[in-house]
Amino acid sequence: MIDLTLSLLSIMNINQLFSVKDKVVLVTGGSRGIGEMIATGFVQGGAKVYISSRSAQACDEVAEKLNKLGPGSCIPIPADLQKSEDVKRLAAEIGKREKHLDVLVNNAGATWGSPIEEYPDAAFSKVMNLNVKSIFTLTQACLPLLEAKATADVPSRVINIGSINGINIPAHETYAYSASKAAVHQLTKHLAGKLGHRHITVNAIAPGSFQSKMMKETLEKFGDIIVASVPVGRIGSPEDIAGTAIYLSSRAGQYTNGAVIVVDGGVIVSAKM
């Protein structure tokens, strides 16, 4: 058995094992930050990538930039996922252009920080709606496309972007954000148990600190403290997050289902927490 396993692995090209070439991918919040990092990785891997965000201009600019990288391609479809009608429109627009969807990356999200005495009810609702509800409703709307080509041997993938703040307790008063990301992790596991039978795997990535618009102000104020708390001595790079998404979307990750993969350089297991 060992000899046979080694023989099979030797036949399998490592590039094929981690290939995302020709996959059809949708990345929400793909015009900046972690979403753009993931979209860039897929395009460079030869995938056809749709990106979405509220700003049509931002989507167009990023798509133009990524299309120069190749060998894959990037197509912008602006949508405000706070609105249920835009969630449905986005799924319908993909359906007009594609017969199937291989990978859905639910990345779009928001945060809000405020002392508990001043925390607005509207802000809590907004964060929970975008960070949790829109993940469910977009996945629901994309089910026909995700199922169209999926098989037991080659499942379609849903990747939800959570956060280490959904696992540990953040220092800042971002109550809705941390609660929403914990909910994302639980929703991921629930969906994985149900959709795995339909040849769709569902996993989450829980990033630590990455250079993004959401983290910009925090890194400017507390960058040295944050880096000092990371055992590997740096914040995350685009390759770190894109590589994890590519693993989950490739042959290498197709037996992984219901996982929350922490990508934080060791912060949540560090004694410096």
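Residues numbered from 1 in each chain as written. Predicted model: local features only at pLDDT ≥ 70, side-chain atom pairs only at ≥ 80, totals over all residues. Heavy atoms only, no water.

- Going by what an unreviewed UniProt entry lists, the protein chain is known as NAD(P)-binding protein and is assigned to Umbelopsis ramanniana AG.
- Recorded under Sequence similarities (unreviewed entry), the UniProt text for the protein chain is reproduced unchanged: "Belongs to the short-chain dehydrogenases/reductases (SDR) family." (UniProt positions renumbered as here; feature names shortened; annotations may be inferred.)

## Regarding the side chain of Ser 52
- Position of Ser 52 among the secondary structure elements: in strand β2 (residues 48-52).
- Beyond its immediate stretch of four places on either side in the chain, Ser 52 contacts Val 27, Thr 28, Gly 29, Gly 30, Cys 59, Ile 77, Pro 78, Ala 79 and Leu 90. (Helix = DSSP H or I, 4+ residues; strand = E, 2+ residues; numbered from the N terminus. Contact = heavy atoms within 4.5 Å.)

## Some points on the packing of aromatic side chains
- Counted under the stated rule, the structure contains two aromatic pairs.
- Plain terms: the ring middles of Tyr 119 and Tyr 175 are 5.7 Å apart, the flat faces sit at 70° to each other, and that makes the pair edge-to-face. Remark: Tyr 175 occurs in helix α7 (residues 175-195) and Tyr 119 occurs in the loop between β4 (103-106) and α6 (121-148); sequence separation between them is 56 residues.
- A relative accessible area of 14% places Tyr 119 in the buried class.
- By relative accessible area, Tyr 175 is classed as partly exposed at 32%.
- Taken together, the ring pairs in this structure connect Tyr 119, Phe 124 and Tyr 175 into an aromatic cluster. (Phe/Tyr/Trp six-rings, centres within 6.5 Å; stacked < 30°, edge-to-face > 60°. Buried < 20%, exposed > 50% of the residue type's maximum accessible area, 1.4 Å probe, protein only.)

## Describing the layout of surface pockets
- Of the volumes computed, that of the second largest pocket is approximately 180 Å³.
- Lining the second largest pocket are Thr 151, Ala 152, Asp 153, Pro 155, Gly 196, His 199, Ile 200, Thr 201, Arg 251, Gln 254, Tyr 255 and Asn 257.
- Taken together, the residues of the lining of the second largest pocket break down into four nonpolar, six polar and two charged. (1 Å grid on protein atoms, 1.4 Å probe; cavity = no way out; pocket = protein on both sides within 12 Å on 5 of 7 lines; lining within 4 Å. Points joined across faces, edges and corners; volume = space filled by probe spheres on them. Nonpolar A, V, L, I, M, F, W, Y, C, P; charged D, E, K, R; others polar.)

## Here's the deal with the pairing of strand β5 (residues 156-161)
- With six of six residues buried, β5 lies mostly within the body of the structure.
- By the alternation rule, side chains of β5 split into Ser 156, Val 158 and Asn 160 and Arg 157, Ile 159 and Ile 161, which are all buried.
- Relative to β5, β4 runs parallel, the two sharing four bridges. Paired with Val 105 across the bridge in β5 is Ile 159.
- Two strands pair when backbone bridges link them, and β5 and strand β6 (residues 200-207) are joined in this way by six bridges, in the parallel orientation. Following the sheet pairing, Asn 160 is matched in β6 by Ala 204.
- This β-α-β element, β5 to α7 to β6, shows right-handed connectivity. (Pairing = 2+ DSSP bridges. Right-handed = clockwise from strand over helix to strand, strands pointing away.)

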